[in-house]
Every structure is written in structure tokens, then in C-alpha cells.
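# Observations on chain architecture
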Amino acid sequence: MHGTPQAEYPQRSALAALTTGEVRNNWTLDEVRALFALPFNDLLFAAQSAHRQHFDPNAVQISTLLSVKTGGCPEDCSYCPQSIRYETDVNNDPLMELQAVVEQARAAKDRGATRFCMGAAWRSPKPRQLEQINAMVEAVSELGMETCATLGMLQPEQARQLKQAGLDYYNHNLDTSARHYEKIITTRTYQHRLDTLAAVRDAGLKVCCGGIVGMGEDELDRAELLHTLATMAEHPGSVPINQLVQVEGTPLDGSAAIDPLDFVRMIAVARILMPASHVRLSAGREDMSDEMQALCFLAGANSIFYGEKLLTTANPAADQDRQLMTRLGIQPEPCSKQRA
Ligand code: SAM
Ligand code: DTB
Ligand code: SF4
């Protein structure tokens with residue numbers, strides 16, 4: 001069989017440009033689509049090369065999630081078991097007590113997590129609720145952990161209060177492309193999400209923003225989501241890529257599963273577009289083989305949620321993850337608060 005001569009390979013020089021790890025905010029949608037169209041090996045080569053320009057390729061950042069206020073949410077996100085509109089097994093629990101949150105954070109730290117992410121099933125926090133969250137942020141910071149919160153939409157003043165309390169990251173996902181979004185959520189708009197992200201960034205908080213795949217979107221939707229993230233004035237410091245966790249009772253339960261290699265492509269394209277950001281292999285790892293996760297790390301994922309629970313659904317057991325990391329020679333990334 002005659003191979004294609006290297007010199008004639010049309011994408012060779014374009015591919016080399018992708019390996020440099022240059023941080024760009026001017027990607028075109030066509031460029032993003034072309035990345036998705038690359039042969040798998042070329043894509044993974046470029047992603048891993050870009051990754052190495054900015055990160056230790058054998059280190060993964062470890063975050064632990066805690067749902068500090070669970071269920072009963074008025075929003076209609078059709079993937080979410082915490083919406084009051086869908087009948088799921090999730091209980092409605094009030095906001096947790098400060099001491100209980102601190103105990104969970106300490107336990108997560110003892111198990112090796114460096115970031116503690118507190119999630120609340122709200123459309124947006126009320127003033128009294130934000131005061132209570134601020135107290136949690138202060139207490140978790142005092143443990144020497146990085147803090148993250150995801151509480152729904154924020155006004156600029158609320159973002160400033162969280163910053164004042166010592167919050168490091170705020171998670172607020174775009175979830176999908178602007179055009180697919182309307183099929184997933186009707187109670188808040190894409191623009192609401194962009195406004196919250198602007199408030200978060202303007203307050204000096206680090207942005208954690210990504211999306212979900214496996215919600216019936218096509219490749220163009222995935223390209224558009226990543227294009228929106230990668231053309232922000234500043235890339236989000238943390239980009240969670242979630243695979244839909246299908247939960248009985250939610251409208252998206254029963255959605256067609258995506259090809260695992262397409263999930264890996266999503267990670268690789270995110271890595272190339274935002275080479276200096278942490279890309280989190282986020283929800284959905286319970287449904288992924290070790291081999292698929294290894295490919296995600298090769299594609300440039302360098303953060304995970306650690307601990308047997310996400311917010312309301314299962315995550316791999318901590319010892320299972322430790323074993324996987326040992327098999328791959330992956331070390332936990334040191335905490336930025338301890339490095340200083
Ligand atoms: N209520 C707040 C909000 O939505 O802004 C914060 C918590 S919410 C659960 C945080 C994110 O979790 C969502 O934006 C979505 O991306 C992700 N998420 C929720 N349910 C999920 C599921 N079943 N599978 C994958 N990701 C999910
Ligand atoms: C993110 O992108 N994924 C996390 C976190 N940010 C808040 C949430 C995943 C939730 C999965 C469904 C659940 O456990 O309820
Ligand atoms: Fe509520 Fe957040 Fe779930 Fe949407 S994703 S229903 S806002 S908890």
C-alpha cells in the first residue's frame with residue numbers, strides 16, 4: 001500500500017501550529033470545526049503537545065464537590081435531577097450547617113483534594129443565603145484549600161461579596177451551544193449566563209465554565225460551545241467537560257449515548273483552544289472505562305472530581321481513582337495555596 005507522502009499531507013503545517021500552546025482568543029468557528037474533523041491521532045498529538053507547553057503532563061488537579069443545598073430548584077434544566085419540575089429520587093435538603101460543611105471539606109482535604117466546590121440548587125442566592133455561603137467560603141479557605149462555589153446566577157455585587165469572603169473560583173456553565181440551549185432550559189437565557197460570567201470575572205474571581213455533552217447536540221453545537229469559551233476576552237481558568245449523567249425522571253433520561261471517542265475529541269479540542277486552562281474530566285466518569293479516561297488524560301484533561309459523590313449522583317470510589325492514577329503514573333497537582 002502506498003502511504004500519502006508527508007509533504008503532500010495538506011494539514012501537516014497547520015497541525016504543527018497547533019502544538020505550540022499559543023494562547024489565542026481569536027479562533028474562528030471554522031478553525032474549531034476543522035479541529036473536530038482531524039484524524040484522531042493527529043488531534044491527540046496536537047492536544048498532548050499543546051498540553052505539555054503549559055502543564056506537567058503527569059499531574060491532575062483534584063477537586064471534591066459537596067451539595068450544600070440539594071433539590072427543590074425552580075429552574076427547568078432538563079438534565080438535572082434537582083429541578084422541582086421532575087420526579088426523581090433526589091430529596092430536598094435545606095442549606096447545610098457551617099460545621100457540617102467544614103467537616104466534609106476537612107475530610108476531602110485529608111483524602112487529597114486541593115479544591116472544595118460547594119453547589120447549591122438555586123436559581124440565584126438570596127442575601128441571607130449568600131451570607132451563609134460566605135461564612136462557608138471563609139472557613140474552607142482557612143483549611144488551606146482552594147474554594148469554588150456554584151450557586152446559580154449572580155449580580156455583580158454578589159460576586160464582589162464572594163470575592164471578599166475569599167472565594168477563588170465560581171462555576172457557572174454555558175452547558176451547550178446558544179442554539180441547542182433553548183431545547184434544554186427555558187427558565188433562563190444564554191445571555192443570563194454570559195452576564196453572570198461577566199459579573200464573576202469583573203469581581204476578580206476565577207471563572208470555571210464548561211458544558212455537558214450527550215444532550216442530543218451535534219458536533220456543530222460542541223464546536224460552538226468551545227468556540228464561545230475560547231473567544232472570551234480571557235479563557236476560563238477551569239473548563240469542566242461533563243458527560244450527561246442520565247437520571248430517571250429527568251427529560252434527558254434515555255438520550256442516545258455519545259461515542260466515547262467523540263467525548264475524547266471534545267476534551268482534545270478544548271485543550272488545544274484553551275491550552276493554559278485546566279480542562280476537567282467532570283461528571284460521567286462512572287460510565288467510562290479506565291481506558292477511556294486514560295485517553296481523556298492523553299487528550300489533555302488535567303482535573304477531576306474525586307470522592308464517591310458528585311452533587312447527587314455517583315462518582316468513582318476514591319480508592320478506584322487512586323488505583324487508576326497509580327496505573328497511569330499520574331500525581332495529584334500540588335495545591336496553589338500550599339505552593340505559595
Ligand atoms: N444551580 C446552579 C446552576 O445551575 O447554576 C449550580 C448547580 S448545577 C447542578 C451545576 C452544573 O452541573 C450545571 O450547570 C450542569 O452543567 C451540571 N450538571 C447538572 N446535572 C448534570 C447531569 N445530570 N449530568 C452532567 N452534568 C450535570
Ligand atoms: C460541573 O461542571 N459539574 C459538576 C459541577 N460543575 C458543579 C456537577 C455535576 C453534577 C452531576 C449530577 C449530579 O450529581 O447531580
Ligand atoms: Fe437548578 Fe442548577 Fe439543576 Fe438547573 S442545574 S435545575 S439551576 S440545580
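Everything that follows concerns the structure shown earlier in this document.
About the cut-offs
- Residue numbers restart at each chain and count upward from 1, following the sequence in its written direction.
- Labels follow written order: the first chain is A, the first ligand is 1, and so on.
- It should be noted that, the model being predicted, local features are given only for residues of pLDDT at least 70 and side-chain atom pairs only at 80 or more, the latter also being counted only at that level, while totals for whole chains, interfaces and linings use all residues.
- Where side-chain values are given, they derive from all heavy atoms of the structure, hydrogens and water being excluded.
- The rule for a residue being near a molecule or strand is that one of its heavy atoms must lie within 4 Å of it.
- Pairing of N or O atoms within 3.5 Å defines a polar contact, subject to two protein rules: one partner must be a possible hydrogen donor and the other a possible acceptor, and residues neighboring in sequence count only if both atoms are side-chain atoms.
- Here, Shrake-Rupley sampling with a 1.4 Å probe gives the accessible areas, and only protein chains in the shown set may cover a residue.
- In this analysis, the protein atoms alone were mapped onto a 1 Å grid. Cavities are point sets where a 1.4 Å probe fits without being able to get out; pockets are open sets with protein on both sides within 12 Å along at least five of seven lines; lining residues have an atom within 4 Å of a point.
- Just a note on the criterion: a molecule sits in a pocket or cavity if more than half of its atoms are within 2 Å of the grid points.
- For this scheme, ten residues count as nonpolar: Ala, Val, Leu, Ile, Met, Phe, Trp, Tyr, Cys and Pro. Four count as charged, namely Asp, Glu, Lys and Arg, and the remainder, Gly too, count as polar.
- For the exposure calls, accessible area comes from a 1.4 Å probe over protein chains only, and a residue counts as buried if that area is under 20% of its type's maximum, exposed if over 50%, partly exposed in between.
- Secondary structure elements are defined from DSSP: runs of H or I of at least 4 residues count as helices, runs of E of at least 2 residues count as strands, and each element is numbered from the N terminus.
- Directions pointing from the helix axis toward each C-beta atom define the arc.

Moving on, we get to the site of ligand 1. In the region of ligand 1, 16 residues are neighbours, and Tyr79, Thr150, Asn173, Asp175 and Val245 sit closest. At 2.7 Å, a side-chain N or O of aspartate 175 approaches an oxygen atom of ligand 1. Within the backbone of valine 245, a nitrogen or oxygen atom sits 3.0 Å from a nitrogen atom of ligand 1. Coverage of ligand 1 by the protein chains reaches 91% of its 560 Å² of free accessible surface. More than half of the atoms belonging to ligand 1 lie within 2 Å of the grid points that define the largest cavity. Here the residues of the shell around ligand 1 sort into eight nonpolar, six polar and two charged.

Let us now look at the site of ligand 2. Taken together, 14 residues lie around ligand 2, and Asn173, Asn242, Leu311, Thr312 and Thr313 are the ones closest in. At 3.4 Å from a nitrogen atom of ligand 2 is found a side-chain nitrogen or oxygen belonging to asparagine 171. One of the side-chain nitrogen or oxygen atoms of threonine 313 is found 2.8 Å away from an oxygen atom of ligand 2. Contact with the protein chains covers 87% of the free accessible surface of ligand 2, which is 400 Å². One can see that ligand 2 is located within the largest cavity. Within the shell around ligand 2, the residues separate by chemical class into seven nonpolar, seven polar and no charged.

Listed as buried for helix α11 (residues 290-298) are Met292, Gln293, Cys296 and Phe297. Here the buried residues of α11 occupy an arc of 145° about the axis, which is enough to place them on one side. Two residues or fewer past α11, glycine 300 is found with a positive phi of approximately 115°.

Any functional reading would require information beyond the geometric quantities listed.
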